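# Survey of secondary and tertiary structure
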Amino acid sequence: MASEAKMDIELPLLILYKIRTSRLSQNKEQQRSGRSAAKKRRVYLRNERKFPNRVNLLDLNEEEIKARYRLSSEAIQSLFEKVKENLNPKTERSHAIPGIVKLLCALHFFASGSFQNSVSTAGGITQSSFSRFLFQVIQAIVNLYKEYISFPNDPASLKAVKQSFLSIAGFPNVIGAIDCTHVALSPPSENEYIYRNEKHFHSLNMQVVVSNNMKIIDVVAKFPGSTEDSYILSQSGLHQRFENGEFGSGWLLGDSMYGLKPWLMTPVSNPKTRAEKKYNHAHSATRSIIDRTFGMLKTRFGCLDKSKGVLLYSPEKVCKIFFVCCILHNIAMNESDYIEVNEEYAQHEEINMEPFEDDTDEGGILREKLILEHFAG
């Protein structure tokens, strides 16, 4: 009897042990299965997040390409050939971002002025990736500066430029129009006030010289918005080149913010004679080419458009972005790619303030002679 009672007790315990062991085994299997499923899900989500379909020129027609990047497909491919060594991945790891994708995303940013996350989404990359390689692209294009932006200085080129300017309104001997334009930025907290310009927003004041065909031939981009136009010119290498007579008898046309010099003709303040009025009219009509160039530059590249938001980068990086936009503008102009200009940007940007008084006597004598010889008849 005692033996039977013992067996009766052991049998349920054995069954319970087997049931418990089975349940533990099932739980472990479920945990392993759950962990495997979770791992697969994480890998899937990571791949989806990290490696979406990236932008491809072949997916767009020519009209869409020019609308998004402001350059033709041929111009983009030509530019890429010149910068690809600096942009292509250095390793063979899978899913590395190709150099052409980096270039396209950067061009989209310059053209649209959109936030980085919008541009990166359109390009099929992450915002953090775009942020990392944006200035890699910018530096690669800036390195091409001398190839695309240069002042003509050989006699044949200068003669052709003078003739083209003369045909606009009869103003002789002009080899370039000079002015400055403001590019808005978020100023550094240190010395914030020096970036506030006379229009009461923070900016960098960029000096540009353009030729007769609306191509940019000289850029000075480094001065804060409060800096006067004439001071920027006085500190530029171009000033010294003209002072040294490098460009012969040719001169620039500038507005009243500049001082009158033998190589820089400015308008006559309060013109009284018919000849002075004719001079001013010809001066304004000829010099307006730089206003139209600024209009085209800011219409083409929305990142320079203050109405779309200020550039949230350091002043040094904003200067490089401006250089890049000038280079890209000239690439477009090489294809005679004129675009419809936002009229707001084509307006003359002169600020109502007293000009910097650095007129020279020699400049005054030369301007009087010019008025008498060319505009008094």
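Description of the structure in this document. (Residues numbered from 1 in each chain as written. Predicted model: local features only at pLDDT ≥ 70, side-chain atom pairs only at ≥ 80, totals over all residues. Heavy atoms only, no water.)

### Regarding the environment of histidine 239
Selection rule: Runs of H or I in DSSP of at least four residues are treated as helices and runs of E of at least two as strands, each being numbered from the N terminus. Whether two residues are in contact is decided by their heavy atoms, any of which lying within 4.5 Å being enough.
In this structure, histidine 239 sits in helix 10 (residues 237-243). In this structure the C-alpha to C-alpha distance between histidine 239 and leucine 264, which are 25 residues apart in sequence, comes to 10.0 Å. Filtering out sequence-adjacent residues up to four positions away, histidine 239 remains in contact with Leu233, Ser234, Lys261 and Trp263.

### Here we look at the packing of aromatic side chains
Here is the rule we go by: Note on aromatic pairs: the rings of Phe, Tyr and Trp (six-membered ring only in Trp) are paired at centre separations within 6.5 Å, and the planes decide the class, stacked below 30 degrees, edge-to-face beyond 60, tilted for the rest. Per-residue accessibility, obtained with a 1.4 Å probe over protein chains only, is compared with the maximum for each type, and a residue is labelled buried under 20%, exposed over 50%, and partly exposed between these values.
A complete count under the given rule lists 14 aromatic pairs for this structure. Between phenylalanine 171 and phenylalanine 375, the ring centres sit 5.7 Å apart and the planes meet at 50°, which makes this aromatic pair tilted. Highlighted residues: phenylalanine 171 in the loop between helix 8 (155-169) and strand 1 (174-184) and phenylalanine 375 in the segment after helix 13 (361-374), separated in sequence by 204 residues. The residues phenylalanine 171 and phenylalanine 375 share a single accessibility class, namely buried. With centroids separated by 5.7 Å and ring planes inclined at 90°, the aromatic side chains of tyrosine 279 and phenylalanine 375 adopt a geometry described as edge-to-face. You can see tyrosine 279 sitting in helix 11 (residues 274-300) and its partner phenylalanine 375 sitting in the segment after helix 13, a full 96 residues away along the chain. For the pair shown, tyrosine 279 and phenylalanine 375 are each scored as buried.

### Structural notes on unusual backbone geometry
In this structure, asparagine 173 takes a positive phi of about 70° despite not being glycine. Note that asparagine 173 resides in the loop between helix 8 and strand 1.

### Observations regarding the pairing of strand 3 (residues 216-224)
Note the threshold: Pairing between two strands is assigned when DSSP locates at least 2 bridges connecting them.
Taking burial as the measure, the nine residues of strand 3 include eight buried ones, the bulk of the element. The pairing of strand 2 (residues 203-210) with strand 3 spans six bridges and is antiparallel. Directly across from valine 209, in strand 3, lies its bridge partner aspartate 218. The hairpin formed by strand 2 and strand 3 contains five residues between the paired strands, and methionine 214 there has a positive phi angle of roughly 70°.

### Some thoughts on the sheet that holds strand 2
Operational definition: Inter-axis angles, ranging from 0 to 180 degrees, are taken between N-to-C directions of lines fitted to C-alpha atoms, where helices are fitted over the stretch in contact.
If you walk across this open sheet you meet the five strands as 3-2-1-4-5, and the pairing is mixed. Each edge of the open sheet carries a strand with a single partner, namely strand 3 and strand 5 (264-265). Against the sheet, helix 11 makes contact with strand 1, strand 2, strand 3, strand 4 (251-253) and strand 5, and its axis sits at roughly 45° relative to strand 1, the strand it touches most.

### Side note on helix 13
In plain terms, the rule: A helix's residues, less one, multiplied by 1.5 Å, set its expected span.
If you check helix 13, its first and last C-alpha atoms are 20 Å apart, about what 14 residues at 1.5 Å a residue would give, namely 20 Å. Buried residues along helix 13 sit against strand 4, strand 5 and helix 11.

### Some words on helix 3 (residues 73-87)
As a reminder, the rule being used: What is called the bend at a residue is the angle between a pair of axes, fitted to the seven residues leading up to and ending at it and to the seven starting from it.
With 15 residues, helix 3 extends only 18 Å from end C-alpha to end C-alpha; this falls clearly short of the ideal 21 Å at 1.5 Å per step. In the structure, helix 3 departs most strongly from a straight axis at glutamate 81, where the bend amounts to approximately 50°. Next to the buried residues of helix 3 lie helix 2 (62-69), helix 4 (99-112), helix 6 (127-142) and helix 12 (315-334).

### Focus on the pairing of strand 2
For strand 2, the tally of buried residues reaches eight of eight residues, placing the bulk of the element in the interior. Bridge count for strand 1 against strand 2 is eight bridges, and the pairing is antiparallel. Bridge assignment links isoleucine 178 to a residue of strand 2, and that residue is valine 209.

### So, the environment of glycine 225
Along the chain, glycine 225 turns up in the loop between strand 3 and helix 9 (229-234). Taking relative accessible area as the criterion, glycine 225 reaches 5% and is therefore assigned buried. Distance from glycine 225 to histidine 182, taken between C-alpha atoms, is 6.7 Å for residues 43 residues apart in sequence. Dropping the residues within four chain positions of it, glycine 225 is found in contact with His182, Ile194, Tyr195, Arg196, Asn197, Ser203, Leu204 and Asn205.

### Side note on the nonpolar core
Generally speaking, soluble globular proteins have nonpolar side chains that are buried together. Worth spelling out the cut-off: The definition of a nonpolar core used throughout is a set of buried Ala, Val, Leu, Ile, Met, Phe, Trp, Tyr and Cys residues joined through side-chain atoms within 4.5 Å. For each domain, the first and last residues come from an automatic or database assignment.
Core analysis: the biggest nonpolar cluster contains 102 residues, and Phe110, Phe171, Ile321 and Phe322 have the highest contact counts within it. At 13 residues, the largest contribution of residues to this core is made by helix 12. When we break this core down by domain, the ones giving at least three residues each are domain 1 (57-148) and domain 2 (155-313 + 341-376). Not counting residues within four places of it along the chain, the set of residues in contact with phenylalanine 171 comprises Phe165, Leu166, Trp251, Leu253, Met265, Tyr279, Ala282, His283, Thr286, Leu370 and Phe375.

### Description of the environment of phenylalanine 322
Residue position: phenylalanine 322 is located in helix 12. Owing to a relative accessible area of 0%, phenylalanine 322 belongs among the buried residues under this scheme. As a C-alpha pair, phenylalanine 322 and alanine 221 span 101 residues in sequence and 7.4 Å in three-dimensional space. Residues contacting phenylalanine 322, with those up to four places away along its chain left out, are Thr181, Val183, Met206, Val208, Val219, Ala221, Leu297 and Leu304.

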